There are 4 protein chains.
Amino acid sequence: VMRDKGRASARRPEAGSSLRRLLRELEAVPHSREKAARLFEWLLAPISSQQFFDHHWEKKPLLIRRCNPVYYQGLFSTAEFDAILRDRQVQFGVNLDVTSYEDGKRETHNPLGRALPSVVWDFYRNGCSLRMLNPQAFSATVWHFLSLLQERFGSMVGANTYLTPSGTQGFAPHYDDIEAFVIQLEGKKHWRVYSPRKEAEVLPRFSSTNFLQSEIGEPILETILEAGDLLYFPRGFIHQGDCLPEAHSLHITVSSFQRNCWGDLLEKLLPAALQMAIEEDVEYRQGLPIDYLDYTGVLNADAIDPRRDAFMRKLHTLITQLVNYAPVDAAVDEKAKGFFHDCLPPVLTETEKALSVYGLPARWENGDVQDVDVPFNAKTQVRLVRYGIVRLCNEGDKILLYYTTENSRVYHKEEPKYCEIEPEYTDSIEFLLSSYPNFVASYLNKDCI
Amino acid sequence: VMRDKGRASARRPEAGSSLRRLLRELEAVPHSREKAARLFEWLLAPISSQQFFDHHWEKKPLLIRRCNPVYYQGLFSTAEFDAILRDRQVQFGVNLDVTSYEDGKRETHNPLGRALPSVVWDFYRNGCSLRMLNPQAFSATVWHFLSLLQERFGSMVGANTYLTPSGTQGFAPHYDDIEAFVIQLEGKKHWRVYSPRKEAEVLPRFSSTNFLQSEIGEPILETILEAGDLLYFPRGFIHQGDCLPEAHSLHITVSSFQRNCWGDLLEKLLPAALQMAIEEDVEYRQGLPIDYLDYTGVLNADAIDPRRDAFMRKLHTLITQLVNYAPVDAAVDEKAKGFFHDCLPPVLTETEKALSVYGLPARWENGDVQDVDVPFNAKTQVRLVRYGIVRLCNEGDKILLYYTTENSRVYHKEEPKYCEIEPEYTDSIEFLLSSYPNFVASYLNKDCI
Amino acid sequence: VMRDKGRASARRPEAGSSLRRLLRELEAVPHSREKAARLFEWLLAPISSQQFFDHHWEKKPLLIRRCNPVYYQGLFSTAEFDAILRDRQVQFGVNLDVTSYEDGKRETHNPLGRALPSVVWDFYRNGCSLRMLNPQAFSATVWHFLSLLQERFGSMVGANTYLTPSGTQGFAPHYDDIEAFVIQLEGKKHWRVYSPRKEAEVLPRFSSTNFLQSEIGEPILETILEAGDLLYFPRGFIHQGDCLPEAHSLHITVSSFQRNCWGDLLEKLLPAALQMAIEEDVEYRQGLPIDYLDYTGVLNADAIDPRRDAFMRKLHTLITQLVNYAPVDAAVDEKAKGFFHDCLPPVLTETEKALSVYGLPARWENGDVQDVDVPFNAKTQVRLVRYGIVRLCNEGDKILLYYTTENSRVYHKEEPKYCEIEPEYTDSIEFLLSSYPNFVASYLNKDCI
Amino acid sequence: VMRDKGRASARRPEAGSSLRRLLRELEAVPHSREKAARLFEWLLAPISSQQFFDHHWEKKPLLIRRCNPVYYQGLFSTAEFDAILRDRQVQFGVNLDVTSYEDGKRETHNPLGRALPSVVWDFYRNGCSLRMLNPQAFSATVWHFLSLLQERFGSMVGANTYLTPSGTQGFAPHYDDIEAFVIQLEGKKHWRVYSPRKEAEVLPRFSSTNFLQSEIGEPILETILEAGDLLYFPRGFIHQGDCLPEAHSLHITVSSFQRNCWGDLLEKLLPAALQMAIEEDVEYRQGLPIDYLDYTGVLNADAIDPRRDAFMRKLHTLITQLVNYAPVDAAVDEKAKGFFHDCLPPVLTETEKALSVYGLPARWENGDVQDVDVPFNAKTQVRLVRYGIVRLCNEGDKILLYYTTENSRVYHKEEPKYCEIEPEYTDSIEFLLSSYPNFVASYLNKDCI
């Protein structure tokens, strides 16, 4: 009986916890952007987000030491993890990785099939680390937490949890391709963080392989993270964490800004810019010089030839002029579509559900349907349930409204969701967006929201 | 508050209902095959299953009229359906079809995306029928019910539910490729059943298209089914049901024996028999007569030629001799593998869970793992949790143990589940099977069950 | 100049050669089946084809020793091979394999790209064997020879040529999946032939891998083949040939009856027979016994159970009755379609060309088209240019006329060729076929021939 | 007999013709680039190529009227076309299109299969035009002609021939995506050429659909082209040609510069430039502003926001700086690889063949291989057989030598041909290229050339 109680309580923040209090306060905050900002400030307190973005974001690690082991309590716990294993279909390799790093050797020990508690805990007892890959699919609080934060970053926010037995290390030193917020939830962990090894590994677009200890130099930061502490480091910073003999460790790493740099936008923008330039400017359609192969190519890289100079000048001009044809807004929207597909759906309060399409009174009762008519008229006050859940984008001649509300908590389990908007309704959508968080008394295409 | 209560109670059989009582009784029945038999007897009572299989199964319709509207109560209800729409991710087209049949025209009206109650009930109010395609994925009782029945039939048991507004019909007359048990749960429905139109449509392997009223002749059975009644008809019997003006209808159709005829087994058996004959008997590897094309082929179908006669005789001999090479048991096992993949996982009682791998005491408690050691020794008494959940099959040189316990309630969502068994353990498995339902004190490869 | 002359003359049989004389005589033989028979008699002389088919075909090797080195002269020669390398796009790996077998090790040495004489001869000088894979695509005589023979066998006739330097061996011992006629053209070769090692390798459907000398036992035939000799052995007979120190060897292996046994026909016939039985006989559509999984399957293979006996009897009956539903003629036609696709196109004489669609007088001359009207009227005498070049087959409701005349000399380079025949013309086609080789004065659908 | 003679003579330029004389003279020209230049001058005479490139190329049509009907004689003729139909496997739809344009309706009449003379000429007599799609695969002179010209343009040179009956038109007005040289070979044709209709259709990258007469305005050039005349027009110029009642027409259209404009090079260059910039410059890897979605996207296209201005400025800078990372020479080589794959193989003279790998003396003679040793030593004088047949390109770390000599006369029938060159041999290759057309006495990797 005790055990069951323990599990149940593990699933939502403690009545008195800081996070529980915060989430309740946020319910009263009208604007979802403001909710996100307040949550992020709480995450970093006492560092302000201004300070953080000015001095640390994409620049250097930040260690926040709180001496308050319950600060992050309620976000996630090993007890919740145990309950999830028991009640949900957690699959090895899909939702959970069993790993070890010993004597410089990193191994993965995933069996096939469902991760039952008895098997998982047996691995743990034998010194393996347990990485849960998408706790937001199983934990309502983690889902809530990440879905709010994604509005702060304008980029997908993900998470893994890591449970490590005392006296062991689960992963080899490496760097990742995301901005990492390591939130210590239970126990302690010894961390070492190292600078990027060279210019080309500063803010890298892809994660590294596992490194040897001999490849990474000396740490620039070494610390023991305790429950309630936070450690941030930018992508490219090599890191490794191991448990002390006296305590296990549970942390959750919140991540963002994967593939979200200027180069990623340019990958969408440049091909479109070139196609537009070719269509609109005959200079791009003119033939190459018939003799160009004679003074170009790697064999001619060092050739001194006025024809080569002219050829290069021409190319430079054409590249520079691309700026005039670059469809920046369309490229941004392409990127936004990806982000909207990546987004977690919003977590609605009971009140919000009741006032949304999920709360319509239509139902089966007393042997018949009741209250099927939608209680919605020209005077009904409406607003978006969150700010960052819809985006109008062009696609060819059409206007599409992308939305996140029917996304799945499982990454990309659902296709991108959108509906076509007749041009005459775009003003309504814009009005709705610009009026947010205020309610407005106007007609709205109810199918989409 | 009332509403919530109503919904919750809808989800499990009423305390006093016949089904609830039965399912509780079945918990005490030791053999799962016996559970299945008792459930099936209850379904058909007062007709015995002996009577049913002798006179109706695959032969002719059976109507059981009970004048007891609560007989099937608790199996499924519109209130449960409403609760499912509210709480679960029901998708139009995947889990739910919206249909109509008016003026001889059959239409499907599925929108895209999630089937929210307000939208579904709006369709219903406008005269559409609602077919839920796999209620066992959403309703624990339907799952329980079907998972027991599948042991009775040795063939996949499925179900659809049909909710029809008063005064309407949702489907055109047609026949199906399954044995159908129409269980009337609420309201009434007017049914007409017609004999197969010709020999070739008796026990057909594939469902028909929709028929015109003019194509189907006169019904051999016409009745008004009321709650508590059951109507069975074999595959190939054309049928149509429509609601009277005074009452809606909810029924669940339980189905089995899709693609489970002798021909289906022969489709697996014959190619294997031929390969074996070719391998083992040189007669099958001897060359065709060099002149055979001269007296065979459609152009020579009527030719009178002694060489043709000899050719035909030879083929007849070779076909007849296939019997000697037919690997019947291997072909049956191939078919069994398909059935095991189709099967619903068993529904375990709390006691069963507690005594199985799902109930092992390993857990996280007080900041550490507890009781990880499996309380299992040479004296531990074990048995299969159900009879029909494992099957040993050969595959090449290997012995594979197929099992249903990790299947999904969603059809084929999981891959077929099996593990390889070392030859020295097959006796243990056989012993375990033959001892069922008794417990035995022998070692068993615990990973598989 | 001399060299050129040498090459040119190599390309067609010598004026005085036996083959040259034969081919000229065959031109006067009216029936193509008779041409094929006469060619085959010549190939085997002094053994009659009756003797051959009675005693050797698919039974045991036949060695014909002629002491007449020019008997097969003109069929192919190393000089012609040299000319082909020079003039045609022969590709390593596609048309030519360079191989060696030394110290028990079989290797292939194909470079990429075109096989130029200088490279090929360099390999040869270094002891490599040269296998040309489809000489019929390059040599008009080989094409002519094989295209005639294919009417004798009613099965595809193919060929490879093998040129081996003195004192070497090019291939490891192995058996093939075809009836092989080794025709020694130049030099000598030491051959050893071995019986199939076991019943299962008698008339095998697939070729073997390379064998070790220790795996094949003692030869049943050992001989030195000299130019003008022939060695036949059935599929499944292991063989190896090596050159004596004093002479190189060139032979061509003519092959037939690959995948042309009763089992191959049954592979087409049985699935069709089963589908037909299921459609026409309800016994095949009746459900399996609901308990059949209890007494069948490998685990029950030794079970003694009257239900099992009944189950087996039922299956035996159903298999035996398949005979009544077997669409033999349709299956033969399916097989015939494959053969017609495999066939080489016929080699037409100049006279035949002139009298066929290839010889119509339509042409460009003096600045305009001339004689475009087809000189064809109701009195025009027509016949098929060969007997075995067309076949009428059903396909669903259609009647298709398959023909070989537009096939390529390169295996399957063209799709199967056929045209649809209106039912009212099938009698004409049959009349044409049955009148062959006589000319008839009837209208004929000229597009097809 | 006469006819045969006619055909044979049709296949090569008349002894006295201008082209025949020219090609013979070109044999003596040492440098292939010079051969190409001289051939092109002859094609355009009396217009110089300087004049042509200054005033017409990609700018406006050029009509050269010669009053010399035999000027182009020997390049191609209807008699040669007739001979090709007779002797070669010309396939409808693959090598030959049968078309008509009547009453504004453009139709294609291709049957399936081989294009036999009698069928082709029947279409022609009924007013259809005949377009041969790759005459270079069938005509040695066209092959020779195009293979020389491709060195003039540094871009693939292709050709179609068009035979049109008197009084008909075969094609609707349209524009193409290539520079077109219409060479009138026989008869006359009435041509109308129209300016591009708008800026976007000047030098288009893709051909147009067929136009209605009402869509194309008035011709800027209208003329009757007679044998010996030439008409050039740039891509994008709409054109149509029809035959006068009194004469048929045969012309060959030589084409070049398909997909060979600056934009085509930029399509290869820009993605590579961006990847390089991202790798080398951290500015491209820095994260986007976290709020960028708020002031960008089509919905914000007109927003006035300083953050938007900064965002745009940043993008402009990044695009402009791409110039610094653009791997122009590698991109040119990528383009060159495509050109080398497109190229026709060179036509070698007998002397050239004799001195190349094709003329090595290795052969089969007198029952054995002769002269296999390559007569090649350190003093052997070598040179490239043409200038534009090899190109050294980098690919990753490797140096590849691409070559055209083993290409097929059929477009892309062979894969791109190249061999890897060890770094120490690149100097030899460069030396060989720079010494051309002089012979040099150095070692050369003979496998490649």
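Residue indices begin from 1 for each chain and proceed along its sequence in written order. Ligands are numbered from 1 and chains lettered from A, in the order in which they are written. Given that this is a predicted model, residues contribute local features only at a pLDDT of at least 70 and side-chain atom pairs are listed and counted only at 80 or more, while totals for whole chains, interfaces and linings are drawn from all residues. Each side-chain value is worked out from all heavy atoms of the structure, with water and hydrogens disregarded.

A. Molecular detail of the overall build of chain A. Only DSSP runs of H or I covering at least 4 residues are called helices, and only runs of E covering at least 2 are called strands; the numbering of each starts at the N terminus. Scanning chain A for helices and strands turns up 12 helices and 15 strands. In terms of its C-alpha atoms, chain A occupies a principal-axis envelope of roughly 85 × 70 × 45 Å. Here's how the labels work: a residue is buried when its accessible area is under 20% of the maximum for its type, exposed when over 50%, partly exposed in between, all with a 1.4 Å probe on protein chains only. For chain A, the residues scored as buried account for 57% of the 449 residues in total. Contacts are assigned to residue pairs with any non-hydrogen atoms lying within 4.5 Å of each other. Considering only intrachain contacts with a sequence separation of at least 6, the fraction spanning at least 24 residues in chain A is 77%. To be clear on the numbers: accessible area is Shrake-Rupley with a 1.4 Å probe, and residue cover counts the displayed protein chains and nothing else. Taken as a whole, chain A presents about 19,400 Å² of accessible surface, with 50% of it coming from carbon and sulfur. Averaged over its 50 positive side-chain charges, chain A has a centre that lies 6 Å from the centre of its 62 negative ones. Here the positive residues are Lys and Arg and the negative ones are Asp and Glu; neither His nor the chain ends is included. For the purpose of locating charges, the reference atoms are NZ of Lys, CZ of Arg, CG of Asp and CD of Glu.

B. View of the sheet that holds strand E14 (residues 398–403) of chain C. Residue and element names in this part refer to chain C. Strands qualify as paired when DSSP identifies two bridges or more between them. An order of E13-E14-E15 is seen for the 3 strands of this open sheet, with the pairing classed as antiparallel. The open sheet has two edge strands with one neighbour each: strand E13 (390–395) and strand E15 (418–420). Each neighbouring strand pair of the sheet contributes to a mean axis angle of 30°, computed without reference to strand direction. In terms of strand pairing, E14 meets E15 through 3 bridges, oriented antiparallel. Paired with Leu401 across the strands is Cys419, a residue of E15. For every element, the axis is a line fit to its C-alpha atoms; helices are fit only across the contacting stretch, and the angle between N-to-C directions ranges from 0 to 180 degrees. Running at roughly 135° to E13, helix H10 (residues 328–342) makes contact with E13 and E14 of the sheet. Packed on one face of the sheet, helix H12 (residues 426–435) meets E13 and E14 and runs near 150° to E13.

C. Looking closely at the relation of the copies chain D and chain A. Each copy is superposed on the other by least squares, with the fit set by C-alpha atoms of residues at a pLDDT of at least 70 in both. If you rotate chain D by 180° and push it 0.0 Å along the axis, it lands on chain A with an RMSD of 0.1 Å. Such a combination of rotation and displacement between the chain copies is what one expects of a two-fold axis. The C-alpha atom lying nearest the rotation axis in chain D is that of D:Thr320; the distance is 2.5 Å. A symmetric contact is evident, with 100% of the interface residues of chain D recurring at the interface of chain A.

D. Broad picture of the sheet that holds strand E14 (residues 398–403) of chain A. Residues and elements named next belong to chain A. Strand order in this open sheet of 3 strands is E13-E14-E15, and the pairing throughout is antiparallel. For this open sheet the edge positions go to strand E13 (390–395) and strand E15 (418–420), each flanked by a neighbour on one side alone. Within the sheet, the average angular offset between the axes of one strand and its neighbour, ignoring direction, is 30°. Packed on one face of the sheet, helix H12 (residues 426–435) meets E13 and E14 and runs near 145° to E13.

E. Spatial organisation of helix H9 (residues 306–321) of chain B. All names here are of chain B. To estimate the expected span of a helix, count its residues, drop one, and scale the result by 1.5 Å. Between its first and last C-alpha atoms H9 spans 23 Å; for 16 residues at 1.5 Å apiece the expected length is 22 Å, and the two agree. Considered for burial, the residues of H9 that qualify are Arg308, Phe311, Met312, Leu315, Leu318 and Ile319. Seen from one end, H9 has its buried residues packed into an arc of 125°, which puts them on one side. Opposite the buried face of H9, at more than 90 degrees from it, the exposed residues are Pro306 and Arg313. Directions pointing from the helix axis toward each C-beta atom define the arc.

F. Highlighting the side chain of B:Gln240. Residues and elements named next belong to chain B. Mapping Gln240 onto the fold places it in strand E9 (residues 238–242). Its relative accessible area of 2% is what places Gln240 among the buried residues. Any N or O atom pair separated by 3.5 Å or less is treated as a polar contact, with the protein-specific requirement of one donor-capable and one acceptor-capable atom, and with residues adjacent in sequence counted only for side-chain atom pairs. Separated by 2.9 Å, the side chains of Gln240 and Gln213 make a polar contact. Apart from the residues lying within four places of it in its own chain, the contact partners of Gln240 are Tyr101, Gln169, Pro173, His190, Trp191, Arg192, Tyr194, Gln213 and Ile216.

G. Spotlight on the interface of chain A and chain B. Listed per partner, the contact involves 32 residues of chain A and 32 residues of chain B. Counting each side, the surface lost to burial between chain A and chain B is near 2,700 Å², with a carbon and sulfur contribution of 63%. Think of a salt bridge as a Lys or Arg side-chain nitrogen and an Asp or Glu carboxyl oxygen that are within 4 Å of each other. The tally of links from chain A across to chain B stands at 2 salt bridges. Between A:Arg125 and B:Asp373 there is a salt bridge, and its shortest N-O distance comes to 3.1 Å. Across the contact surface, chain A and chain B share 6 residue pairs in polar contact (both at pLDDT 80 or more). For the side of chain A that touches chain B, the secondary-structure elements that each account for two or more residues are helix H5 (78–87), helix H6 (117–125), strand E11 (363–365) and strand E12 (368–370) of chain A. Ranked by the residues each element gives to the side of chain A that touches chain B, the list is headed by H6(A), at 6 residues. Here the side of chain A that touches chain B is composed, by residue class, of 13 nonpolar, 6 polar and 13 charged. Note on terms: buried area is the combined drop in 1.4 Å-probe accessible area of two parts once they are placed together, counting the loss on both. Residues are grouped as follows: nonpolar covers Ala, Val, Leu, Ile, Met, Phe, Trp, Tyr, Cys and Pro; charged covers Asp, Glu, Lys and Arg; every other residue, Gly included, is treated as polar.

H. The arrangement of the packing of aromatic side chains in detail. Residues and elements named next belong to chain A. Working definition: rings of Phe, Tyr and Trp (its six-membered ring) pair if their centres are within 6.5 Å, and the pair is stacked with planes under 30 degrees apart, edge-to-face with planes over 60 apart, and tilted otherwise. The full count for this structure, using the stated rule, is 132 aromatic pairs over all chains. One aromatic cluster in this structure is built from Phe40, Phe52, Phe53, Trp57, Phe153, Phe181, Tyr232 and Phe257. The aromatic ring of Tyr71 is capped on one face by Arg66, whose charged end is 3.9 Å from the ring centroid. Ring-over charges, as used throughout, are those where CZ of Arg or NZ of Lys falls within 6 Å of the ring centre and within 35 degrees of the ring normal.

I. Region of the structure containing the interface of chain D and chain A. Taken together, the 72 residues of chain D in the interface contact 73 residues of chain A. The contact between chain D and chain A buries some 6,300 Å² in all, and 69% of this surface belongs to carbon and sulfur atoms. It is D:Trp262, D:Arg285 and D:Ile290 in chain D that bury the most area against chain A; as a group they hold 14% of the surface buried on that side. Applying the counting rule to chain D against chain A returns 4 salt bridges. Linking A:Arg308 and D:Asp329 is a salt bridge whose minimum nitrogen-to-oxygen distance equals 2.7 Å. Remark: the boundary between chain D and chain A carries 32 residue pairs in polar contact (both at pLDDT 80 or more). Of all the secondary structure elements, the ones that give two or more residues to the side of chain D that touches chain A are helix H7 (140–153), helix H8 (262–280), helix H9 (306–321), helix H10 (328–342), strand E13 (390–395) and helix H12 (426–435) of chain D. Per-element tally for the side of chain D that touches chain A: the top contributor is H8(D), with 11 residues. Partitioned by chemical class, the residues of the side of chain D that touches chain A number 42 nonpolar, 12 polar and 18 charged.

J. Up close: the relation of the copies chain A and chain B. After a rotation of 180° and a shift along the axis of 0.1 Å, chain A superposes on chain B with an RMSD of 0.1 Å. The overlap is high: 100% of the interface residues of chain A also sit at the interface in chain B, so the same surface is used on both sides.

K. Quick look at the pairing of strand E9 (residues 238–242) of chain D. All names here are of chain D. Along E9, 5 of the 5 residues are buried, which leaves the element largely enclosed by surrounding structure. Neither face of E9 is open: one carries Ile238, Gln240 and Asp242, the other His239 and Gly241, and all of them are buried. As judged from the 5 bridges shared by strand E6 (residues 179–194) and E9, these two strands associate in the antiparallel manner. Bridge assignment links His190 to a residue of E9, and that residue is Asp242.

L. A look at H5(A). Summarising burial for H5(A): 8 of the 10 residues are buried, a large majority. Three or more residues of H5(A) are buried, namely A:Thr78, A:Glu80, A:Phe81, A:Asp82, A:Ala83, A:Ile84, A:Leu85 and A:Arg86.

M. Just the side chain of A:Ser249, in detail. All names here are of chain A. Mapped onto the elements of the fold, Ser249 is located in strand E10 (residues 249–256). Given a relative accessible area of 0%, Ser249 falls into the buried group. Here Gln184 takes part through its side chain, which lies 2.9 Å from a polar atom of the side chain of Ser249. Non-local contacts of Ser249, meaning those with residues more than four positions away in its chain, are made with Tyr162, Leu163, Thr164, Gln184, Glu186, Lys188, Lys189 and Cys243.

N. Just the pattern of salt bridges, in detail. Evaluation of the coordinates by the stated rule reveals 116 salt bridges over all chains. Across the pair B:Arg125 and B:Asp122 runs a salt bridge whose closest N-O atoms are separated by 3.0 Å. Of the two residues, B:Arg125 and B:Asp122 both sit in helix H6 (residues 117–125), 3 residues apart, roughly one turn of that helix. Residues C:Glu414 and C:Lys417 are paired through a salt bridge, measuring 3.0 Å at the closest nitrogen-oxygen approach. Judged by relative accessible area, C:Lys417 falls into the buried class, the value being 15%. Several salt bridges share partner residues, and in doing so they unite A:Arg33, A:Glu151 and D:Asp294 into one network.

O. Inspection of the packing of helix H5 (residues 78–87) of chain D against helix H6 (residues 117–125) of chain D at higher detail. All names here are of chain D. At their nearest, the axes of H5 and H6 sit 9 Å apart, and the two run at 140° to each other. Compared by their axis directions, H5 and H6 come out oblique. Counting all contacts with H5, which are made through Thr78, Phe81, Asp82, Leu85 and Arg86, the residues of H6 involved are Pro117, Val120 and Trp121. By definition in this entry, angles of less than 35 degrees are roughly parallel, angles greater than 145 are roughly antiparallel, angles of 65 to 115 are roughly perpendicular, and the rest are oblique.

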